[in-house]
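Analysis of the macromolecular model
Listed below, chain by chain, are the residues.
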Amino acid sequence: MSEVFDLACDLIRRRSVTPEDAGCLPLIGERLMRAGFRVEHLRYGEVDNLWATHGTDGPTLIFLGHTDVVPSGPEAAWQSPPFEPTVRDGRLYGRGSADMKGAVAAMAVALEQFVAAHPGHRGRVGLLLTSDEEGPANLDGVRKVVEHFRAIGERIDWCVVGEPSAKQRLGDLIRVGRRGSLSGTLGVHGVQGHVAYPEKALNPIHAFAPALAELVATRWDEGNSDFPPTSFQVSNLNAGTGANNVIPGELTAWINFRYCTASRAEDLRARTEAILQRYGLDCALDWNLSGEPFLTPPGGVLRETVLAVCRELYGIDPEQSTGGGTSDGRFIAPMGAEVVEVGPVNATIHKVDECVALEELEQLPRLYRTICERLLVGT
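These notes cover the structure that comes with them. (Residues numbered from 1 in each chain as written. Predicted model: local features only at pLDDT ≥ 70, side-chain atom pairs only at ≥ 80, totals over all residues. Heavy atoms only, no water.)

1. Observations regarding the packing of aromatic side chains
All chains considered together, the criterion is met by six aromatic pairs. Relative to Phe-232, the ring of Trp-220 has its centre 6.2 Å away and its plane inclined at 35°; by these criteria the two rings are tilted. With Trp-220 in the loop between α5 (204-217) and β12 (231-239) and Phe-232 in strand β12, the pair connects residues that are 12 residues apart, well separated along the chain. By the burial criterion, Trp-220 is buried, and Phe-232 matches it. (Phe/Tyr/Trp six-rings, centres within 6.5 Å; stacked < 30°, edge-to-face > 60°. Helix = DSSP H or I, 4+ residues; strand = E, 2+ residues; numbered from the N terminus. Buried < 20%, exposed > 50% of the residue type's maximum accessible area, 1.4 Å probe, protein only.)

Structure follows, in structure tokens:
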């Protein structure tokens, strides 16, 4: 049907479940090299990353995405094979079609078109891709690339993330920030024993229950004009030996804060630990900070440009959101870059029969190319 369709299908066919890239990055790298881009392949651990740039002095605009996908789940539950792109009823089906191989294909095609039309554009335009966005730790993807960028003095002014952001139609929502994510693995120690003799044991479930009630009831902050209040959740609680007549000796809980700019990670950690100490728990808590919250404020060049382009192309005034989970934009923002996320509808991401509307897929290259032209050409 088109360049973006063909490239998206080629990417979907590659079984690039995190951290496998399955050849997606070399495919895109070769295309961009032919278009005149300088291409670097950065491998850290088991993770492949691609950094491609065109141009020299002036402001730097990059597009950010990932080629890895989540597992398909039971393939028999899909109407068509998850790694065989299939068109039905005006949609392209396949794992990664929406999250985010369709957008990756669109960004690559848009960049090819942009430099062909404007070989002497001001500043630099680039594409940063990783095969480790969907992983649990994200240690060797964009996080590691940014460490490399800091070491060599690399600069990024504007970053467009192609994550699926839209609700009903392309352009109806852009993300202008994200909450931070702070996780903890809590181990509460007790004394194992027979349920008939509780005086000879210490039940860690009973010991933890009052502290958990306080953690759940705590109002961590009030949020602000850009973010909702910080939330606390327990995603897993595990104890027991498998026998109903044994008091367990250990409890493990996985906790998570999705926090806004009204709180700091160190304060959330300290308040949590103070609550646990107040109840006299014998426990250990291992923290993992996945990313700090970030916000591209109103009036920022990139934010206003993306809003203007969406209004022009789609006749819609986008909702400006900081909702959702996290994205790799959380690693780019601390470099001082403005970060905005805009991509296709996210209704089917991570689901069986993931899909993207063909109409949206065909519109994406123009969206990304127009952003380039507004920022680096002025047209």
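2. Here's the deal with the environment of Ala-52
Structurally, Ala-52 is set in strand β2 (residues 47-55). Not counting chain neighbours up to four residues away, the residues in contact with Ala-52 comprise Leu-32, Phe-37, Arg-38, Val-39, Val-125, Gly-126 and Leu-127. (Contact = heavy atoms within 4.5 Å.)

3. Things to note about the packing of helix α1 (residues 3-12) against helix α3 (residues 97-117)
The interhelical angle for the contact between α1 and α3, taken along N-to-C directions, is 135°, at an axis separation of 9 Å. By the criterion of interaxial angle, the relationship of α1 to α3 is oblique. Our pair here, α1 against α3, has a crossing hand that is right-handed. Contacts between α1 and α3 involve Glu-3, Val-4, Leu-7, Ala-8, Leu-11 and Ile-12 from the first element and Ser-97, Lys-101, Gly-102, Val-104, Ala-105, Ala-106, Ala-108, Val-109, Glu-112 and Gln-113 from the second. Looking at the contact of α1 with α3, its residues break down into 10 nonpolar, three polar and three charged. (Axes fitted to C-alpha atoms, helices over the stretch in contact; angles between N-to-C directions. Parallel < 35°, antiparallel > 145°, perpendicular 65-115°, else oblique. Left-handed = near helix turned anticlockwise from the far one by under 90°. Nonpolar A, V, L, I, M, F, W, Y, C, P; charged D, E, K, R; others polar.)

4. What to know about the pattern of salt bridges
Scanning the entire structure with this criterion turns up 20 salt bridges. Notably, a salt bridge pairs Glu-154 with Arg-124, separated by 2.4 Å at the nearest N-O pair. Note that Glu-154 is positioned in the loop between α4 (142-152) and β7 (158-161) and Arg-124 in strand β6 (residues 124-130), a separation of 30 residues in sequence. For Glu-147, the salt bridge identified is with Lys-144, shortest N-O distance 3.9 Å. Linking Glu-147 with Lys-144, this pair stays in helix α4, spanning three residues, or about one helical turn. Taking the relative accessible area as the measure of exposure, Glu-147 reaches 44% and is therefore partly exposed. Residues joined by salt bridges that share partners form a network here, namely Glu-3, Arg-31 and Glu-112. (Salt bridge = Lys/Arg side-chain N within 4 Å of Asp/Glu carboxyl O.)

Everything listed here is a matter of geometry and, on its own, says nothing about what the molecule does.
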